[in-house]
Structure formats: C-alpha cells, structure tokens
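So the chains spell out like this:
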Amino acid sequence: MCGIVGYIGKREALPILMDGLKRLEYRGYDSAGFSVANGDRIVTEKAVGKVAELENKINEKDIPGNLGIAHTRWATHGKPSERNAHPHRDCSKKIFLVHNGIIENYKELKHDLEKAGHKFSSETDTEVLAHLIEEYSKQVPFEEAVWRTLAHVRGTYGLAIIDRENPQKLIIARNGSPLVLGVMDDGYVIASDVAPIVRYTDRVIYLDDGEMAEVTGQSCKITNFKRKKVKKEISKIDWSVEEAEKKGYPHFMLKEIMEQPEAVENSIRGRLVVGEGIAKLGGLRDVSERLRRLKRLVIVSCGTSYYAGLVGKYMLEEYAGVRTDVEHASEFRYRKPLLDENTAVLAISQSGETADTLAAIREAKNKGAITLGIVNVVGSTIARETDAGVYNHAGPEIGVASTKAFTSQLSILALLTLFLGRQREMSFVMGKRIAEELAEIPKLMKSVLNQADEIKKVAEKYSKYSNFLYLGRKYNYPIAMEGALKIKEISYVHAEGYPFGEMKHGPIALIDKNFPTMAIATKDSVYEKTLSGIQEVKARSGKVIAIATKGDREIQKMVDDVIYIPKTLEMLTPLLSVVPLQLFAYHFAVGKGLDVDKPRNLAKSVTVE
Ligand code: F6R
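Residues numbered from 1 in each chain as written. Predicted model: local features only at pLDDT ≥ 70, side-chain atom pairs only at ≥ 80, totals over all residues. Heavy atoms only, no water.

**Student:** How do you make sense of the site of the ligand when you look at a structure like this?
**Tutor:** Within the structure, the ligand sits among 15 residues, and Ser-305, Ser-349, Ser-351, Thr-354 and Glu-489 are positioned closest to it. One of the backbone nitrogen or oxygen atoms of Gln-350 is found 2.7 Å away from an oxygen atom of the ligand. At a separation of 2.9 Å, an oxygen atom of the ligand approaches a polar backbone atom of Ser-402. Protein contacts shield 87% of the accessible area of the ligand, which totals 400 Å² for the unbound molecule. Elements with a minimum of two residues in the shell around the ligand: helix H9 (303-320) and helix H16 (477-491). Taken together, the residues of the shell around the ligand sort by class into 5 nonpolar, 8 polar and 2 charged. Per-domain counts for the shell around the ligand show at least three residues from each of domain 2 (247-449) and domain 3 (452-591). (Near = heavy atom within 4 Å. Polar contact = N/O pair within 3.5 Å; in protein donor to acceptor, adjacent residues only side chain to side chain. Areas by Shrake-Rupley, 256 points an atom, 1.4 Å probe, with all protein chains shown as cover. Helix = DSSP H or I, 4+ residues; strand = E, 2+ residues; numbered from the N terminus. Nonpolar A, V, L, I, M, F, W, Y, C, P; charged D, E, K, R; others polar. Domains from an automatic or database assignment.)

Structure (structure tokens):
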C-alpha cells in the first residue's frame, strides 16, 4: 500500500528509483513520482496512473544526481492526481518527501500551519510533514527538524526525506509502515520492501518502529525516538532477483498459480517426518511446551489469509483437538477479546505488514496471550513482533491477488495440525497418514495445473455472466469464499461465497438461468449433502460448474460443466480444489482484457487500517 524507494551513493539515482518503482508497483498504482537531487538542484516529476506513465513523461530525459526518493501511490487522502502524487514539498521547495501511511492529526496541523502562512498545494495528509519540517528548520538543523516534526504527528509512516540544503543526506523514519535499508558497497538503497533492493544487494537492515536513519553515501546512523543510537543487525535476503520476475508468463498471477507445487514443496521441505508421522517446526521450538498446554487458538488475518485460517480451524479442531476461533483482524481489536495465558493468537499474513493483523497481534500481546505467525515475507513486522512462528518460504508473491501464498498457508496449517495433534491425542497411524498425503500434494497439484487449458475454456464459456454463486461445505466452504473473492477482485463481477447448507436460507432466491453456481462437490464426508444442494440449484434452472473428484461420473450427469481434481485426504482437499477456481478467475478476467496483476482500487500489502 504505497511504495517508497530512495537511493544515496555513487551511482545515478534515477535508474534505481524507476526500477524500484516498477518492482513496488503492486503496492499501489494510481500515481507515481520522484525527486532527484544534484547538488542543491532538485528535479521532481510526477504522473497520474501507473509507473509506465511516469516513464513516458520523462522520456529518457537526462536527470543526473546521486540522491533521490520516489513513490508509487495508493490513494487514501485526496483523489489520484498529479497534485496529490508524491513527493510532497514545503513552501520554499527545500524539503521533499515521500510517505507511506496516514497522518491522523493532519487536519489540526494543517490548520495551524496555514495560520502561520504556509501554502498547501495538495489535498494529502502527507504534505503537512514537509511544511512542519520547513517550520522547524528555521530554528534547528535538518535532522532535528525531522525529529521535532515526528514528535508532533500521530499516525503511521514510512518516510524518506531530502533537503536542498543538505544534498549529501537522506533521512528515513518508520512508525507502523515498513522500511528496509539495503546496504550496497557504494551506497544505500531504501524501500518499503526488499523487491527493489534484491537486485543491488542481499544485505539489509529492517528498521523498527520509532527509528530514524540518517544516511549518507558512505554511512548510516540509526537512532530511536529517544535519540539513542541503536545497533542494528544486517540480515540476508533469501529471495533471488529471478524469483521476483515474470519468467515469460504474461502475468505474475499466472506464474504464481503455476508455481504452487514448488511453493508447497518449499513450505513442507525439511519439516515433515513422514516415517514418524510428525512435523518439525523449528520456529516453534522455543514455545513448544507452552503449546502443549494450549487450550485455545485464535487465528487473526484478513482476506485470503483469513480464508486460509478458516480451513485451519477445520483441520485443527478435527485432527489436533485444539479449539480454534478465526477472526477478521480488523474486528478483533475493536471487540473485547477474551484471552488468557492458555490461548495463543496466530497471525496469518503473506506480507507480514497488514496493519489490521499487526494491530490484532499487538492487542493480543497486551492481553498476555502468546503470539504466533505464519508469514511469507522474512523480516517483516509481524514475523518480528510475534513470539514464534513459521515462515512459508513460498517465494515473493507479486500478483495482487494472492494464490501461492494461500496454498502455502494451507500446507503450513496442515503441518501445525500435525505438530499440535501429535503433542495431543493424534495417533502415530493418523499422523503418518496426514504426512504421507501432504507429501503427495505438490504432485497432485501439478495434475490439476495440467488442465489449465480446459479450465480456460470453461471460463470462456461463462464469460457473459456477471453474477456467480460459489458454494462449498466443511473444508470447502472457505474455498468457496476464496474462489468468489478471486473472481471479484480481478474481474469486478459480483460473486458470493457461501456454505452450501446456507443457500436455502436466502441466496437461493438469486438463482435463475443467469446466475451460475460454482459448486465444490468433492467425494468427502459431505458429498451426499452437496449433491442435494446441486439438485436444488438445478431445479431452479441454475447453471452449475462442479469441482469434483476424479472418477466421479455420476456428477457429470447432474451439472453443466465439471473440473476434476485428484482424491486426497479430506482435510487437504482445499489445497487442490482452490486451484481450478484461481485459474477460472484468472482466465475470466484476462478474457475481459483486465490487468489481473494490478486490479483497480486494490494494492498488495495493506499497511493502513
Ligand atoms: C486477496 C488478497 C488479500 C490479502 C489480505 C491480507 O487476493 O491478497 O485479501 O490476502 O489483504 O494480506 P496479508 O496476507 O499480506 O496479510
């Protein structure tokens, strides 16, 4: 949600900034801009729309300078326009800054600044920062002016600031929005996440909340808000540049769908001891004894990660015997959650930066619960703030619609079920069975992916419809929700995900020949009930596409189209049944000519509440 990038060092800043913006574009793409400093001359360019628009605008103009900041925006305050695009500046065009986050008290600050004579040129919350720094700079040096400004603002920020009068310095600060500092041999590149950094260095410093860094071409000094110098560890990025590229696929989303067997393989590698029917989760070792005494697990997450949590509930309750509640992270902190020391709160987050999930984890900590994470992005805030956790190792997910992170999350939840189950009553035989079936999933996923062409034809056949009902029971109920979310977010058509049994309590009224149903009807403990539901849809002239188990010829006679998936253990079925739904949504949207990697109004990594 908004991406910022900056550079200071010996190289030309602009190519690094432009490349960084392209790699961060999945965080927001309604406008983009940069400022490059060359001595005391600062050149700023902005454009509405995607980064390509900015690139067209500068059209290979020569903009030299070894210091610069840039931003790709996901609008919060003020509509997408050049005026509202970052970088923002003060009245004297001395201070330029880019910001990811929200300044909550900007109205009061703006009012006071306007009274003091400052002229604002945008509708954003961000601009107050530039004017405040300007105001303080009249009395104190640049760094001190930034400190004083930050002491006055309430809200979240990842900030990068340059000052015409300090052309050898880049100041960055973090509170609630991620910032990573890449350490190069001849300078520093800073960004909202590692995607723009990995090309230049694998050595990074993750800034924590309340920290500010003064960066020059040769050194960086990090201080906390108590003005104490902090010594930071240099971490290594484990993603390669190639992983973050499209590798010949037309879209990241398709690449990531196709990568799922590998992503799941990486998630379970070294963690599954099939012969013993156990899962070894190194990240949980330190809290293992506390987890043995655990009475309740509360999963907090958002969107697709929330649906993974719902599948996890079915797994953990049925096989590990651990009471599990799943909550939208955005609701959790505004209720009065009843937590105690026998409750663990588990955050599931691809990005590890989702503001709602992070806030929920902080609230859980306040209440004394042990906090755990299932996170894909190494070094992200949620990964660092939870007491213990398991990394996905699914590789970078760039497509805004989450796909491989989801199936990877499901595979980790299956591992967790095994881990907690074997600490409790799960037998060796059952543990071994789950482990064997989980180890087979990547191979089975490949066989589903091999049907991509047929699934594309089904998507084409239904291209004229603009409403869909997605239905599933038990383990496949969250998959129905996830399938509906996928098509909604990238195709902008209306889709509702429902538990099959709930259909007759309301949504059935929607069904007619123009309202097709995607029915997940795999051969499992609720198969017969699901078939009855399909009959009810057919009786009302509804068209039905079924996701069914290979070999089920019966269902073919009942429905309009069938996509088959292989048989596996019921609890692992979601890892396979979601794949056709991802491909269906992908081809449906591409058929409409839409940019599936950057759907309108959305952004990856939602770092505002
Ligand atoms: C949907 C999607 C979102 C995210 C949600 C949580 O395709 O990607 O619904 O799942 O914003 O994001 P993370 O998992 O990064 O916390």
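**Student:** Any chance you could explain the layout of surface pockets here in plain terms?
**Tutor:** Any empty space left between the atoms is revealed when a probe the size of a water molecule rolls over them. Quantified by volume, the largest pocket comes out at close to 590 Å³. Surrounding the largest pocket, 28 residues form its lining, Cys-302, Gly-303, Thr-304, Ala-603 and Val-606 being those nearest its centre. Of the residues assigned to the lining of the largest pocket, the class counts are 11 nonpolar, 13 polar and 4 charged. (1 Å grid on protein atoms, 1.4 Å probe; cavity = no way out; pocket = protein on both sides within 12 Å on 5 of 7 lines; lining within 4 Å. Points joined across faces, edges and corners; volume = space filled by probe spheres on them.)

**Student:** Sorry if this is basic, but what is going on with the domain arrangement of the protein chain here?
**Tutor:** Interfaces are often sized by the accessible area lost when the parts come together. Each assigned domain of the protein chain is listed with its residue range as follows: domain 1 (3-237), domain 2 (247-449) and domain 3 (452-591). Averaged C-alpha coordinates put domain 1 and domain 3 at centres separated by 46 Å.

**Student:** Could you clarify how one ought to interpret the packing of H9 against H16 in this entry?
**Tutor:** The description of two helices packed together rests on the angle between their axes and the distance between the axes. In the contact formed by H9 and H16, the axes pass within 8 Å of each other and the chain directions differ by 170°. Considering their axes alone, H9 and H16 lie roughly antiparallel with respect to each other. Contact residues: Gly-303, Thr-304, Tyr-307, Leu-310, Val-311 and Tyr-314 in H9; Tyr-477, Pro-478, Ile-479, Met-481, Glu-482, Leu-485 and Lys-486 in H16. Grouping the constituent residues of the contact of H9 with H16 by class yields 9 nonpolar, 2 polar and 2 charged. (Axes fitted to C-alpha atoms, helices over the stretch in contact; angles between N-to-C directions. Parallel < 35°, antiparallel > 145°, perpendicular 65-115°, else oblique. Contact = heavy atoms within 4.5 Å.)

**Student:** Hey, could you run me through the packing of H16 against helix H19 (residues 573-591) in this one?
**Tutor:** Put simply, H16 and H19 touch, their axes get as near as 9 Å, and they point 20° apart. Viewed along their axes, H16 and H19 adopt a mutual orientation that is roughly parallel. Considering only the axes of H16 and H19, their crossing is right-handed. Across the interface between the two elements, Ile-479, Glu-482, Gly-483, Lys-486, Ile-487, Ile-490 and Ser-491 of H16 pack against Pro-574, Ser-577, Val-578, Leu-581, Phe-584, Ala-585, Tyr-586, Phe-588 and Ala-589 of H19. Taken together, the residues of the contact of H16 with H19 sort by class into 11 nonpolar, 3 polar and 2 charged. (Left-handed = near helix turned anticlockwise from the far one by under 90°.)

**Student:** Is there a simple way to think about helix H17 (residues 527-538) in this case?
**Tutor:** Owing to its 3.6 residues per turn, the α-helix brings residues three or four apart onto one side. An ideal rise of 1.5 Å per residue puts 16 Å on 12 residues; H17 measures up with 17 Å between its terminal C-alpha atoms. Where H17 is concerned, the buried positions are Tyr-527, Thr-530, Leu-531, Gly-533, Ile-534 and Val-537. For H17, the angular spread of buried residues about the axis comes to 160°, placing them on one side. Structural note: H17 exposes Glu-528 and Lys-529 on the side pointing more than 90 degrees away from its buried face. Elements in contact with the buried residues of H17: strand S24 (517-521), strand S25 (544-549) and helix H18 (554-558). (Expected span 1.5 Å × (residues − 1). Buried < 20%, exposed > 50% of the residue type's maximum accessible area, 1.4 Å probe, protein only. Arc of directions from axis to C-beta.)

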